[in-house]
Structures are given as C-alpha cells and as structure tokens.
Amino acid sequence: NCLTEVLGMGLRGNGTIPAVYSERIKLAKHAGMQVMEMLKRNIRPRDIMTKEAFMNALTMDMALGCSTNSMLHLPAIAHECGYKLDMHLANEISEKTPNLCHLSPAGPHFIEELNEGGGIPAVMKELDKKGLLKTDLMTVTGKTVAENIADAENKDEEIIRPIDKPYSETGGIAALFGNLAPEGSVVKRSAVAPEMLVHKGPARVFDSEEEAIAAIWGGKIKEILSKNVKEGDVVVIQYEGPKGGPGMREMLSPTSAIMGAGLGSTVALITDGRFSGASRGAAIGHVSPEAALGGPIGLIEEGDIISINIPEHKLDLEVSNEVLEERRKNWKPRQPKITTGYLARYAKLVSSGTSGAVLS
C-alpha cells in the first residue's frame with residue numbers, strides 16, 4: 001500500500017493513514033474524485049507506472065525495510081505493464097539505498113507513527129536529497145513526484161532517519177543466489193539478527209508448513225539443539241511454492257513459532273513459499289526453482305549443510321554437483337495436492353516466484 005503511493009497510483013496518506021481515522025474516509029472521497037479527473041484527462045495506469053516508477057518503488061522499499069512480499073507484487077505488476085524486474089536489480093538498488101525506517105516487527109516503530117512523522121512523502125524527500133528517485137514522473141494526483149513531495153516534512157528523525165544518518169547504508173531487502181537458489185530467493189535483511197547474517201547449519205527438512213510448526217512447537221528443533229548434534233539448524237519447508245502449494249501460502253506461522261521458541265538468533269528458515277510483512281529473523285523465501293519443479297530445494301536431504309551469506313547475497317547447499325545430479329535423476333514429481341478446478345489450472349500455468357508468480 002505504501003508502494004502504491006510511490007508508484008504514483010495512490011494519493012498522499014494512502015499507505016499510512018490508520019483505518020479508524022476520519023482522514024481515511026476523506027481520502028476515499030478524494031480518490032473517487034481523482035478517478036474522474038484521470039478519466040477526463042485520459043490518463044491510464046500504464047501512463048503512470050513506467051519503468052522509472054518501478055525503480056522508485058524498489059528504492060523506497062529498501063528505505064522502508066519493507067516486506068519480502070514486495071518482491072512478488074512489484075514484479076507481478078511490472079509484468080502487467082510490460083516490464084521485467086530482475087532479482088539482481090533488487091541488490092543493485094539495495095546497495096546504494098540506505099535503510100531509513102525500522103518498522104515493526106523489524107524495529108520499534110509502527111505504521112501510524114510513520115504517518116505522524118510525515119508519511120511516505122517525507123521518506124521520499126529524504127531519498128531525493130541524494131538524487132535516488134526520479135521525480136519528474138506523472139502521478140494520479142495530476143502532479144509530478146517532485147510537486148507531490150515539495151512540502152513534505154520529516155517531523156520525527158528517529159522514525160524517519162535523515163539520509164545522512166540511516167539505520168544502515170544498505171536497503172532492507174536482499175536477494176540471495178547460489179546452487180540452492182539458481183533463480184534467486186529473498187530475505188528481509190533489516191529484520192535479521194546480526195549474528196545470523198552469515199550462518200551455516202544442517203538442514204531439517206519438512207514437506208509442509210504444518211509439519212514444520214509441529215516440529216518446532218513439539219520440541220524437535222529444541223531437542224536437537226540441546227543435544228548439540230548440530231548447533232544452528234536450518235529449517236527447510238518444501239513444496240509451498242506457487243505450483244507446489246498451490247498458491248504460495250504465507251509462511252508467517254513458522255517464523256512466528258521460531259521466534260516464539262526463542263530460536264530467532266540461532267535457527268534459519270528457508271522455503272519456496274513466501275512470508276508476510278510481519279516476518280523477522282533469517283527467514284529466506286521465494287527459493288526458485290521451487291521443489292514442485294525439481295528445484296534444488298526439493299533435493300535437500302536431512303542433515304545436508306546449508307550455507308547462508310546475506311551480505312554477499314549467497315545461498316548454497318554444500319553438496320557436490322555429482323551428488324545433486326544423482327538425486328535429480330531419482331527425483332519424481334509429487335502428486336499435486338489439488339487436481340481439479342481453478343487451482344489445478346493455476347498450478348499448471350503459474351510461473352516462478354522470482355518473476356512474481358504470474359500466469360504464463
């Protein structure tokens with residue numbers, strides 16, 4: 001919703017005004033009025049959502065330390081507009097975009113505080129001080145980005161850090177690549193404990209979200225750690241990707257379970273599924289190709305060593321190519337969970353999570 005403002009498709013406050021405020025009702029009325037103005041001027045969504053607008057949205061996402069879901073939504077919307085957002089592009093933008101906000105659960109501040117601190121326009125204005133945004137783009141307000149943020153004010157420099165005093169010099173999202181994620185994967189870097197930015201540990205493999213949660217709360221992971229079999233497990237949840245789900249369920253419960261069990265600074269989680277904006281810890285999602293397609297994540301066996309290096313954007317399975325090739329030969333596609341109706345057609349046509357899980 002915040003990025004809708006940045007794309008130029010939402011009025012000021014669209015992303016941050018709390019639902020219970022009368023200001024939200026006022027915003028809805030003005031949005032309806034502006035729809036008619038756009039109709040009168042024959043301005044269409046694709047006139048506003050240009051490639052440069054998507055670059056602005058990616059940049060803003062890094063500054064906000066936003067959700068890994070944006071790496072599904074933005075590529076999917078860009079696809080509809082005729083553009084491709086490459087996963088490597090996220091890292092390029094992240095490396096030059098400072099993280100200015102620490103919103104819950106990655107930090108202590110809430111969206112209503114961001115609203116009171118100046119909202120999305122104030123964050124954009126900070127980014128513009130270093131020329132990180134393209135500001136001559138058209139928006140649904142009928143004005144350019146530059147005009148929209150001209151009177152924006154940063155009212156709280158702890159909630160919205162000044163551009164020269166960021167929480168970190170790099171953005172909140174990182175894309176990881178390696179033999180475990182040849183097409184990429186995504187992690188909310190700003191919500192990862194410092195000691196988990198580089199991590200190596202044995203795989204604990206589960207075929208669904210439910211199995212993983214039962215193991216975490218049932219004490220299996222804690223038991224392994226207490227016996228010091230391998231310190232710092234990596235929980236692997238397979239077959240939750242776009243095809244395998246089908247539908248790429250939100251893996252909020254396993255990440256919450258890991259944090260709730262007090263394992264957030266010692267246990268990592270990787271999945272071909274996705275997370276919510278409330279995820280935190282070393283939770284790596286969108287691993288592609290997914291298990292249902294025979295991707296490397298579906299070839300992981302219990303105890304395999306997984307290496308995670310978020311600063312270097314790497315996610316690797318420490319198994320030789322020969323062993324992986326042998327496993328691949330023996331791998332057989334799983335029987336789909338759903339074989340009829342719309343979801344079966346969806347599973348047949350859906351693309352990789354790294355391309356936005358769009359239908360081909």
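Our subject is the structure that appears above.
Residues numbered from 1 in each chain as written. Predicted model: local features only at pLDDT ≥ 70, side-chain atom pairs only at ≥ 80, totals over all residues. Heavy atoms only, no water.

Student: I tried to follow the layout of surface pockets on my own but got confused; where do I start?
Tutor: In this approach the atoms are scanned with a rolling probe the size of a water molecule, which exposes any empty space left behind. The space that makes up the largest pocket amounts to roughly 550 Å³. R12, G13, I17, E23 and N115 are, among the 22 residues lining the largest pocket, the residues nearest its centre. Sorting the residues of the lining of the largest pocket by element identifies α2 (22-41), α7 (111-116) and α8 (119-128) as the ones contributing at least two each. The class makeup of the residues in the lining of the largest pocket is 7 nonpolar, 8 polar and 7 charged. A volume near 430 Å³ is recorded for the second largest pocket. Together, 23 residues line the second largest pocket, and N1, C2, L3, C66 and S67 are the ones closest to its centre. At the level of secondary structure, the elements contributing two or more residues to the lining of the second largest pocket comprise α1 (2-7) and α5 (70-80). When grouped by side-chain class, the residues that make up the lining of the second largest pocket number 12 nonpolar, 10 polar and 1 charged. (1 Å grid on protein atoms, 1.4 Å probe; cavity = no way out; pocket = protein on both sides within 12 Å on 5 of 7 lines; lining within 4 Å. Points joined across faces, edges and corners; volume = space filled by probe spheres on them. Helix = DSSP H or I, 4+ residues; strand = E, 2+ residues; numbered from the N terminus. Nonpolar A, V, L, I, M, F, W, Y, C, P; charged D, E, K, R; others polar.)

Student: Even after reading the chapter, I still don't get the pairing of strand β8 (residues 314-317), so can you show me in this structure?
Tutor: Here is the key point about a regular strand: its side chains alternate between the two faces of the sheet. Alternating residues of β8 divide into L315 and L317, all buried, and K314 and D316, none buried. Here strand β7 (residues 305-309) runs beside β8; their pairing, made up of 4 bridges, is antiparallel. Each bridged residue has a counterpart across the sheet, and for S307 the counterpart in β8 is D316. Between β7 and the antiparallel strand that follows it, β8, lie 4 residues; H313 among them carries a positive phi value of about 60°. (Buried < 20%, exposed > 50% of the residue type's maximum accessible area, 1.4 Å probe, protein only. Pairing = 2+ DSSP bridges.)

Student: When you look at the nonpolar core in this model, what are you seeing that I'm missing?
Tutor: The nonpolar side chains of a soluble globular protein tend to be buried with one another. Ranked by size, the top nonpolar core spans 44 residues in total, and within it M60 and V123 carry the most contacts. Within the residue set of this core, elements represented by two or more residues are α1, α4 (51-64), α5, α6 (87-96), α8, α9 (145-149) and β1 (174-178). For this core, the leading source of residues is α4, giving 8 residues. Setting aside its immediate chain neighbours within four residues, M60 contacts L3, V6, I120, V123, M124 and L127. By size, the runner-up hydrophobic cluster in this structure holds 29 residues, among which are M196, A282, I306 and I308. (Core = buried A, V, L, I, M, F, W, Y, C linked by side-chain atoms within 4.5 Å. Contact = heavy atoms within 4.5 Å.)

Student: Even after reading the chapter, I still don't get unusual backbone geometry, so can you show me in this structure?
Tutor: The general pattern is negative phi for most residues beyond glycine and trans for most peptide bonds. Cis geometry is found at the peptide bond from G245 to P246, where omega equals -15°. By secondary structure assignment, the location of P246 is in the loop between β4 (234-237) and α12 (252-260). Put simply, S288 and P289 share a cis peptide bond, and its omega is 0°. The residue P289 is located in the loop between β6 (283-288) and β7 in this model. Here the phi dihedral of Y239 falls at roughly 60°; this positive angle occurs in a residue that is not glycine.

Student: Looking at this structure, I do not really get a nonpolar patch on the surface. What am I missing?
Tutor: A grouping of I338, Y342, L343, L349 and L359 is seen on the molecular surface, where their side chains present a nonpolar patch of about 430 Å² in accessible area. Tracing the chain through its elements places L349 in helix α14 (residues 341-349). A residue is classified by how much of its surface remains accessible, and L349, at 37% relative accessible area, is partly exposed. (Patch = residues over 30% accessible without salt bridge, like charges linked within 9 Å, V, L, I, M, F, W, Y side chains within 5 Å. Areas by Shrake-Rupley, 256 points an atom, 1.4 Å probe, with all protein chains shown as cover. Salt bridge = Lys/Arg side-chain N within 4 Å of Asp/Glu carboxyl O.)

Student: How should the environment of P108 be read in this particular structure?
Tutor: Looking at where P108 falls in the secondary structure, it is placed in the loop between α6 and α7. On the basis of relative accessible area, P108 is assigned to the exposed category, the value being 55%. In the structure, P108 is positioned 51 residues away from I159 in sequence and 8.9 Å away in space, judged by C-alpha atoms.

Student: Please clarify how the pattern of salt bridges should be interpreted in this entry.
Tutor: If charged atoms from side chains of opposite charge come close, those side chains can pair. Counted according to the given criterion, the structure contains 17 salt bridges. A salt bridge links R204 to D233, with the nearest nitrogen and oxygen atoms 3.5 Å apart. Separated by 29 residues along the polypeptide, R204 in strand β3 (residues 198-206) and D233 in the loop between α11 (220-226) and β4 bring together distant segments of the chain. Accessibility classification places R204 together with D233 in one group, the buried group. One salt bridge connects R328 with E325, and the closest N-O pair in it is separated by 3.2 Å. Here R328 and its partner E325 are both found in helix α13 (residues 321-330), 3 residues apart, which amounts to about one turn of the helix. A relative accessible area of 38% places E325 in the partly exposed class. Each member of the salt-bridge network shares a partner with another, and the members are E209, E210, E240 and R249.

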